[in-house]
Amino acid sequence: MLKTHSSFRGLFFPLRYHHQGLKKNKHKFLHCSDMSTLSLLWSFNFIEPDPFCNTTSINKNNDSSMVSSVKPHQKKKPRLVMNSLALNSTSCVERVVPKFYDKETLKMYSGLLQDCSTKGSLYNGKAVHGQVIISGMNPDSYLWICLVNMYVKCGDLTLAHLVFDEMLERDVVSFTVLIAGYSAAGNGYEGVGLFRRMRSEGILGNGFAFASALKACSMCLALEFGKQMHAEVVKAGVLGDVFVGSALVDLYAKCGEMELAEGVFFNIPELNVVSWNALLNGYAKIGDGRRVLNLFHKMYESDMKFSKFTLSSVLKGCASLGNAREGQIVHSLAIKTGTELDGILSSSLVDMYSKCGLAEDAQKIFVRVLNPDVVAWSTMIACLDQQGKTCEVTKLFADMGKAGLRPNQYTLASVVSASTNLIDLRYGKSVHACICKSGFDSDKSVSNALITMYMKSGSVQDGFRVFESMEDRVVISWNAFLSGFHEGDACSQAPIIFNRMVVEGFKPNKYTFISTLRSCSSLSDMSFGQQIHGQIVKNNLQTDDFVGASLVDMYSKCGCLENAHKVFKRMKERDFFTWTTVISEYAQANQGEKAFECFRQMQREGVNPNEFTLASCLRGCSTISALESGRQLHSQVIKSGHSCDVFVTSALVDMYGKCGAIEDAEEVFESSESRDIVSWNTMICGYSQNGDGEKSLQTFNSMLNEGIQPNEITFIGVLSACSHIGLVEKGKQHFESIKEVYGIIPTIQHYACMVDILGRAGKLEEVENFIEKMNIKPNALVWQTALGACKMHGNVEFGERAAEKLFQLEPETDSTYILLSNIYAAKGMWDDVKKVRSKMSSQGVKKEPGCSWVEINGEFHTFLSKDGSHPKVKEIYLKLDELDQKLKAAGYVPNTQFVLNKVSEEKKKESLIYHSERLALAFALISKGPAKPIRIFKNLRICGDCHNAMKLLSDVIDRDIIIRDVTRFHHFQNGSCSCRDYW
């Protein structure tokens with residue numbers, strides 16, 4: 001009777017003993033899970049299968065006398081002992097089996113097992129093992145090791161470990177075999193555990209044991225235990241062993257401890273390709289491409305024969321550097337060694353060319369690879385995705401499916417990334433379905449890509465569902481989720497998500513802060529932005545330039561330019577994006593001087609502006625009417641090759657228009673190759689502001705003829721043109737067409753323009769009726785325009801009603817008090833003037849002083865009325881007296897009704913002479929050459945007397961004088977004004 005050992009239960013299947021000539025068979029059982037056990041027994045003629053019953057015949061030399069039967073209920077149980085352990089089984093057999101104990105037999109079985117190990121034949125290996133058990137022999141230690149090794153090499157670590165556990169005497173070789181098996185299978189933890197067990201059993205390691213265990217440590221990144229093993233290696237005196245040394249280098253390299261890796265590497269007496277590969281791969285993984293190339297040059301000079309793995313690591317180094325030249329040299333070496341189209345190396349070549357921006361070269365490699373594996377496909381798809389070739393990605397992904405290859409998580413993550421850039425939600429969802437079908441929906445990298453895709457496609461709910469379904473979120477997952485809350489109504493959720501992330505124990509990284517700051521910028525939420533700033537400082541990220549750029553943008557968008565500038569100054573490296581942000585915000589805040597100053601500093605630091613920088617700086621010049629600076633920028637635009645850019649062209653037209661150089665604006669506009677709605681609007685508004693309403697309306701008609709549909713801004717320019725030239729009926733027609741013809745809902749600005757058209761024409765009753773019938777509630781702009789019309793036409797009653805509305809809406813605005821006071825003063829109602837001024841004082845409202853400025857040689861000179869602070873005040877006043885004499889000679893009589901102060905006539909005449917715009921004119925005349933037009937800018941409306949004086953002076957001194965007041969440009973030439981005295 002036979003009892004199987006617990007390690008081998010289930011190894012055998014039913015056997016029936018057979019005796020030739022025996023009519024009745026006795027049935028006994030010996031279980032087996034694999035036919036392989038009996039295949040060898042059959043070859044030895046030990047057994048014969050019987051497919052019709054649960055028994056098997058044993059026939060040795062066809063001798064029936066060797067067979068006897070035992071009934072199942074009989075208690076006598078013969079035992080087969082293996083290493084003194086009974087082989088327990090519920091099965092029993094009645095047999096005669098010879099027992100082999102001689103060395104030759106053990107050697108034979110060991111040889112058979114080694115042969116099975118070499119061929120990886122688990123089937124035959126189990127058969128040999130079965131025969132060993134049936135034979136009843138007592139294996140020696142070498143046969144035990146051969147058994148363990150066979151199962152290891154055939155990939156069945158479970159059985160290998162079972163056999164190993166049954167060994168009564170385990171030595172360093174048996175431990176090493178199993179540790180190496182677990183390392184080869186990628187199960188480093190089991191390998192490390194076995195080494196611990198070996199040492200606990202008092203067995204000392206040898207070179208092979210240390211090498212195998214160190215490999216296991218590198219598998220599971222067990223750095224500290226690896227360091228302990230390093231000490232044992234030194235103690236055992238095997239540090240000079242090339243395999244042990246290479247394993248130590250590999251461990252330290254994979255754990256990122258490159259200094260330790262190099263220390264071991266350069267102390268190995270005899271280096272081999274494995275140790276070189278380990279060190280090169282370590283540096284490649286941490287992205288130190290320069291060190292990879294330096295080491296490879298040393299390896300090449302040492303005449304060490306390199307492998308495809310060597311070249312693969314070097315290509316990774318070239319990829320991290322973006323060094324295509326060195327990569328091409330490595331490529332030539334791959335061709336020379338015949339490994340170019342190897343699966344691993346071809347993927348590395350594709351990756352290198354991709355990261356060097358040479359997608360076409362990457363594709364040439366890929367198409368030459370015969371039967372590329374999933375890694376090669378994934379690398380090529382990732383390459384095209386990184387190059388932004390989304391359509392090619394989708395096509396290649398489809399081809400991969402046609403080739404019958406199943407995508408992995410890296411393939412799918414790249415395809416999702418491409419669909420994000422494709423902005424095709426339907427395609428993205430189909431990829432999501434493919435991911436679910438492939439079983440990668442729980443993969444972190446794929447889930448993160450899906451969240452990003454949904455958030456950037458505006459499908460926040462789908463992104464939220466993927467995010468919530470993730471069991472193991474990481475910081476990247478939160479960052480991907482936050483990316484969907486940068487703009488629109490959803491951005492208010494960003495602070496809540498950030499707080500939830502912190503509460504759940506995740507530490508934000510710089511990308512988290514950048515994303516959250518973008519949301520703060522959109523919300524103009526400086527309070528939360530400052531809290532984020534505090535967290536940035538706490539996490540020591542304030543020196544990061546990308547974080548700094550986001551802080552600058554946040555503070556700028558929130559209107560806190562002082563804080564933005566402080567952060568900006570502390571940044572070590574400021575790229576054109578950061579410079580553009582600061583310049584743009586200064587321009588929008590009407591701080592054109594600072595914008596242009598930043599631009600100059602940017603050039604001094606060697607940062608080249610792009611089209612957006614130039615456009616922003618030009619708009620800064622527009623706000624302060626800095627024509628000379630604008631012309632310098634125009635030359636920079638031409639020099640940098642951005643003169644055809646539509647944004648720059650629009651900014652140039654706007655700058656020239658707002659500086660009063662409408663001819664230059666017209667020239668830029670006409671020479672531009674492409675003109676969008678912004679360009680047309682800029683030109684329409686430019687003509688209108690410069691008093692040429694007819695050209696403004698002609699430009700509007702030309703725009704319509706070219707098939708460009710107007711927008712809200714277009715009609716502001718058109719209605720302003722009608723207002724400036726007094727086209728009341730035409731203005732009404734255009735106002736009606738806004739909604740009826742073009743389907744645009746009129747805004748409050750359009751209503752204000754219509755009030756201005758009617759008000760300038762003196763139709764104040766119609767103005768009041770128009771305001772009452774407005775579809776939207778009139779705001780301060782509408783009532784301010786109505787009050788200005790009342791001042792122009794001296795309507796006290798309507799003026800008082802308009803002023804009362806303004807006192808309710810904007811009680812702090814000084815112009816309301818000034819206009820109402822001037823209405824009263826013009827009518828001689830001095831008591832009412834006094835009341836208004838008293839009310840203004842009690843409200844704490846101060847009048848903005850009228851001033852004018854002029855640009856001379858790139859510098860601005862500002863003047864107040866009766867200003868005596870300028871360094872050249874004496875020359876200025878002498879020039880004013882000269883101009884006054886010329887005016888009187890030409891028949892000029894001061895119109896004192898524009899002096900709204902209760903003073904004598906002489907005082908009124910004197911105050912008119914020293915108005916700020918006249919001081920600016922005098923200074924320009926003593927500073928400028930005779931040929932250039934004089935451009936003066938004023939923060940208030942030019943008074944009627946100065947308007948008349950400028951007309952006369954333009955003729956008397958034969959100079960073009962251009963004055964821009966708060967509403968429009970006045971071009972004075974040969975005794976007349978472009979406004980035709982309708983202003």
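Residues numbered from 1 in each chain as written. Predicted model: local features only at pLDDT ≥ 70, side-chain atom pairs only at ≥ 80, totals over all residues. Heavy atoms only, no water.

Trainee: How should the side chain of Ser-121 be read in this particular structure?
Mentor: Locating Ser-121 in the fold gives a position in the loop between α2 (103-119) and α3 (122-135). Excluding residues within four positions of it along the chain, Ser-121 makes contact with Cys-116 and Cys-154. (Helix = DSSP H or I, 4+ residues; strand = E, 2+ residues; numbered from the N terminus. Contact = heavy atoms within 4.5 Å.)

Trainee: Explain the environment of Tyr-151 to me, please; I cannot follow it from the model alone.
Mentor: One can find Tyr-151 in helix α4 (residues 141-153). You can call Tyr-151 buried: its relative accessible area is 1%. For the pair Tyr-151 and Leu-178, spaced 27 residues apart in sequence, the C-alpha to C-alpha distance is 9.4 Å. Apart from the residues lying within four places of it in its own chain, the contact partners of Tyr-151 are Leu-122, Lys-126, His-129, Asp-156, Leu-157, Leu-159, Ala-160 and Val-163. (Buried < 20%, exposed > 50% of the residue type's maximum accessible area, 1.4 Å probe, protein only.)

Trainee: Explain the pattern of salt bridges to me, please; I cannot follow it from the model alone.
Mentor: Pairing between side chains of opposite charge can happen when the charged atoms of each approach one another. For the structure shown, the criterion picks out 37 salt bridges. Across the salt bridge formed by Glu-232 and Arg-199, the nearest N and O atoms sit 3.1 Å from each other. Here Arg-199 lies in helix α7 (residues 188-200) and Glu-232 lies in helix α9 (residues 223-236), a separation of 33 residues in the sequence. For Lys-658, the salt bridge is made with Asp-654, and the minimal N-O distance between the two is 3.4 Å. Here the residue Lys-658 and the residue Asp-654 both occupy positions in helix α34 (residues 646-658), the gap between them amounting to 4 residues, near one helical turn. Judged by relative accessible area, Lys-658 falls into the partly exposed class, the value being 29%. Several salt bridges converge on common partners, so that one network encompasses Asp-165, Arg-170, Arg-197 and Glu-201. (Salt bridge = Lys/Arg side-chain N within 4 Å of Asp/Glu carboxyl O.)

Trainee: For this particular structure, what's the right way to read the nonpolar core?
Mentor: Looking at soluble globular proteins, one finds that nonpolar side chains tend to be buried together. Counting residues in each nonpolar core, the largest one holds 129 residues, and the members touching the most others are Val-148 and Leu-178. Top contributing element to this core by residue count: α4, with 9 residues. Ignoring anything within four residues of it in the chain, the contact list for Val-148 reads Ala-160, Val-163, Phe-164, Met-167, Val-177 and Leu-178. (Core = buried A, V, L, I, M, F, W, Y, C linked by side-chain atoms within 4.5 Å.)

Trainee: Explanation requested: the sheet that holds strand β6 (residues 859-864) in the structure shown.
Mentor: The strands that make up a sheet are held in pairs by hydrogen bonds between backbone atoms, and each pair lies either parallel or antiparallel. Strands sit in the order β6-β5-β7-β8-β9-β10 across an open sheet of 6 strands; the sheet is mixed. The open sheet has two edge strands, β6 and β10 (976-977), and neither has a second partner. Bridge count between strand β9 (residues 969-973) and β10: 2 bridges; the pairing is antiparallel. Each residue of the ladder has a partner; that of Phe-972, found in β10, is Cys-977. (Pairing = 2+ DSSP bridges.)

Trainee: Looking at this model, I keep getting lost on a negative patch on the surface. Mind explaining?
Mentor: Side chains of Glu-663, Asp-955, Asp-958 and Asp-960 sit close together on the surface and give a patch of like negative charge. Mapped onto the elements, Asp-960 comes out in the loop between α49 (944-956) and β8 (961-964). (Patch = residues over 30% accessible without salt bridge, like charges linked within 9 Å, V, L, I, M, F, W, Y side chains within 5 Å. Areas by Shrake-Rupley, 256 points an atom, 1.4 Å probe, with all protein chains shown as cover. Lys, Arg positive; Asp, Glu negative; His and termini not counted. Charge placed at Lys NZ, Arg CZ, Asp CG, Glu CD.)

Trainee: What exactly am I supposed to notice about helix α32 (residues 611-624) here?
Mentor: In an α-helix, one full turn covers 3.6 residues, which means residues spaced three or four apart are oriented alike. Its 14 residues place the ends of α32 21 Å apart at the C-alpha level, agreeing with the 20 Å of an ideal helix rising 1.5 Å per residue. Burial analysis of α32 places 10 of its 14 residues in the buried class, the great majority of the element. Measuring from the backbone nitrogen of Phe-612 back to the side-chain oxygen at the start of α32 gives 3.2 Å, which picks out Asn-610 as the cap. Residue Ser-625 follows α32 closely and has a positive phi angle near 55°. (Expected span 1.5 Å × (residues − 1). Polar contact = N/O pair within 3.5 Å; in protein donor to acceptor, adjacent residues only side chain to side chain.)

Trainee: Looking at this structure, I do not really get unusual backbone geometry. What am I missing?
Mentor: Trans peptide bonds make up the majority, and among non-glycine residues the majority have a negative phi. Even without glycine at this site, Asp-303 takes up a positive phi of about 65°. Within the element layout of this structure, Asp-303 appears in the loop between α13 (289-301) and α14 (308-321). With a phi close to 55°, Asn-974 is a non-glycine residue in the positive phi region.

Trainee: Just checking my understanding: could you explain the side chain of His-734 for this structure?
Mentor: Along the polypeptide, His-734 turns up in helix α39 (residues 728-740). In contact with His-734, not counting residues within four places along its chain, are Leu-697, Phe-700, Phe-715, Val-718, Leu-719 and Cys-722.

Trainee: For this particular structure, what's the right way to read the pairing of strand β7 (residues 934-938)?
Mentor: Consecutive side chains of a regular strand alternate in pointing toward one face of the sheet and then the other. Burial analysis of β7 places 5 of its 5 residues in the buried class, which makes it a mostly covered element. Residues Ile-934, Ile-936 and Lys-938 of β7 are buried on one face, and the alternating residues Arg-935 and Phe-937, pointing to the opposite face, are buried as well. Looking at chain direction, strand β5 (residues 851-856) and β7 are connected through 3 bridges and run antiparallel. Looking at the pairing, Ser-852 lines up with Lys-938 of β7. Taken together, the 4 bridges between β7 and β8 define a ladder with parallel strand orientation. Directly across from Phe-937, in β8, lies its bridge partner Arg-964.

Trainee: Sorry, what's going on with the packing of α14 against helix α16 (residues 343-355) here?
Mentor: Packed helix pairs are characterised by how far apart their axes lie and by the angle those axes make with each other. Put simply, α14 and α16 touch, their axes get as near as 9 Å, and they point 10° apart. Viewed along their axes, α14 and α16 adopt a mutual orientation that is roughly parallel. Contact residues: Lys-308, Phe-309, Leu-311, Ser-312, Leu-315, Cys-318 and Ala-319 in α14; Ile-344, Leu-345, Ser-348, Leu-349, Asp-351, Met-352 and Lys-355 in α16. Looking at the contact of α14 with α16, its residues break down into 9 nonpolar, 2 polar and 3 charged. (Axes fitted to C-alpha atoms, helices over the stretch in contact; angles between N-to-C directions. Parallel < 35°, antiparallel > 145°, perpendicular 65-115°, else oblique. Nonpolar A, V, L, I, M, F, W, Y, C, P; charged D, E, K, R; others polar.)

Keep in mind these numbers describe shape, not what the thing actually does.
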